[in-house]
Amino acid sequence: MDAVAGGSAVVSPTVPSSGLNLRAPNRRAYYIPCSRIQAHGMYRNTALQLSYQYPFRPCITASSLSIDEKNSFVDGVFPKSTTKPIDVVGKTFCSSGILTYGNGTMAASSHTAEEKIGVLLLNLGGPDTLDDVQPFLYNLFADPDIIRLPRPFQFLQGPLAQVISVLRAPKSKEGYAAIGGGSPLRRITDQQADALKAALNTKKKNVNVYVGMRYWHPFTEDAVQQIKRDKITKLVVLPLYPQFSISTTGSSLGVLQRMFREDTNLSSLPVATIQSWYQRKGYIKSMADLIEKEVQNFPRPNEVMIFFSAHGVPVSYVEEAGDPYRDQMGDCIVLIMKELKDRGVKNDHTLAYQSRVGPVQWLKPYTDEVLVELGKKGIKSLLAVPVSFVSEHIETLEEIDMEYRELALESGIEYWGRVPALNCTTTFIEDLADAVIEALPEASSISSSSSPAKEQDNDPVKYIVRMFFGSILAFFLLLSPKMISAFKSNLL
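Since this is a predicted model, take the numbers as computed values, not measurements.

Rules behind the numbers
Residues numbered from 1 in each chain as written. Predicted model: local features only at pLDDT ≥ 70, side-chain atom pairs only at ≥ 80, totals over all residues. Heavy atoms only, no water. Helix = DSSP H or I, 4+ residues; strand = E, 2+ residues; numbered from the N terminus. Buried < 20%, exposed > 50% of the residue type's maximum accessible area, 1.4 Å probe, protein only. Contact = heavy atoms within 4.5 Å. Areas by Shrake-Rupley, 256 points an atom, 1.4 Å probe, with all protein chains shown as cover. Pairing = 2+ DSSP bridges. Phe/Tyr/Trp six-rings, centres within 6.5 Å; stacked < 30°, edge-to-face > 60°.

Structural notes on the overall build of the protein chain
Working step 1: The helix and strand tally for the protein chain stands at 15 helices and 12 strands.
Working step 2: Counting across all 492 residues of the protein chain, residues that qualify as buried make up 57%.
Working step 3: Restricting the contact set of the protein chain to residue pairs at least 6 apart, pairs at least 24 apart contribute 81%.
Working step 4: For the protein chain, the exposed area adds up to about 20500 Å²; of that, 54% sits on carbon and sulfur atoms.

Structural data, given as structure tokens:
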């Protein structure tokens, strides 16, 4: 995340709210099959209970499958009994814009006379200037998918985000100042949008490409309003996160779901969402190209340790909420290393997770700890690969290039290198264009009329009781020695 050098903060290890909710006894929820793709190509179906907050049904782009594979689908999803082996490399895992509520689904809208295609690129966003750092951090920490509070304390979401953002801003400003005074993410994402539009034009697809950021300008909400003004008739949503996580792609899709549910015009717009694309051949090839090139810059290329560093997420997201991020990341590394070995690059490799912050356990092993261990083991040449980032931003330019590089050299590593982010690499952009084209036939409209409303608890007595006891408990928690120590060591 393009938040701070240390990433985002999590106060409570409870389940994020943007869907994939396995425990929602008080909500109307629906079991929908969701795929977990193993590195060896086996499809293992897992029934995940998705609450109505999560709008898009997992599917596999039908245009990338064989006839037999297509025939095994039911509304674009494998039946629960399916344990069918498939070759996942090069196939786009997307979702259509159909919402199922037990009373059937709304069919795709008919083709209009003049089809206007839009592509919405989703990303995290980052402060353009140092003055933007604190409000950007507020937007980040006010997201329930980043800081998940127990229900009695959800009224503290805004105040807590304000406190954390104010306390965190000075250190974050130092990090952004070190990379030029702001995040380059918006500029690079705009360049990617222009390159994608050009690539689609060469493939005879005239499209409008929009950029929507989750926590800073241009916000996703602004992009959607522009899509409405442009009278787009079919939309492909493409999150710029190769691997799906409920804290990144899931959070952004939650924003779209709320907007589409509340707007009758948007609910009739055919939409296809590409949820993850780490397994696509173009992406794998692009990553392998960059790694292979950088390895050759070392004095002894065969001795280089290929060090994949991915953005971490709290363990609770994976173990409690069913986030597929860890599995997808592991599969992604296997695919990249297989491509490299096929080219004769047989270096050792390892994977670690960076950007942890807050008093909860994050995915392990941690990047900083692994760097120290590798130094102790006598590794002298190391190539860092930011595998979960497709654009340069603070986690690559400051955290990896400055903090981790310094730590590696101090730990005994003599030769350090870093693979650049994909940015506008031609093969990468071309593959994204292919993914968009493959997803277009899957676009379907979303019905907002059948969407169940959130349950409301309007009992004023219960509300006052929760506010009273919640405020007392929050007061003692915030002033407790453990909480103060956590803030000092993890947030400041």
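What about the environment of Glu-303?
Working step 1: With respect to the helices and strands, the residue Glu-303 is situated in the loop between α8 (281–295) and β9 (305–311).
Working step 2: Remark: the alpha-carbon pair of Glu-303 and Ser-381, spanning 78 residues in sequence, is separated by 6.6 Å.
Working step 3: In contact with Glu-303, other than residues within four places in its own chain, are Asn-347 and Ser-381.

Concerning the pairing of strand β7 (residues 234–239)
Look at any regular strand and the pattern is simple: side chains alternate between the two faces of the sheet.
Working step 1: Of all the six residues making up β7, six are buried; the element is thus mostly covered by neighbouring parts of the structure.
Working step 2: Here β7 shows two buried faces, one formed by Lys-234, Val-236 and Leu-238 and the other by Leu-235, Val-237 and Pro-239.
Working step 3: Note: strand β5 (residues 117–123) against β7, six bridges, orientation parallel. From the neighbouring strand, Leu-121 faces β7, where its bridge partner is Leu-238.
Working step 4: Of the pairings in the sheet, the one linking β7 to strand β8 (residues 271–276) comprises three bridges and is parallel in character. Among the inter-strand pairings, Val-237 is bridged to a residue of β8, identified as Thr-273.

As for the packing of aromatic side chains
Working step 1: Under the counting rule described, the total for this entry stands at four aromatic pairs.
Working step 2: Pairing Trp-216 with Phe-219 gives two aromatic rings, centres 6.2 Å apart and planes at 70 degrees, and the pair type is edge-to-face. An identical accessibility class is assigned to Trp-216 and Phe-219; each is buried.
Working step 3: Their ring planes at 90 degrees and their centres at 5.4 Å tell us that Trp-277 and Tyr-283 sit as a pair that is edge-to-face.

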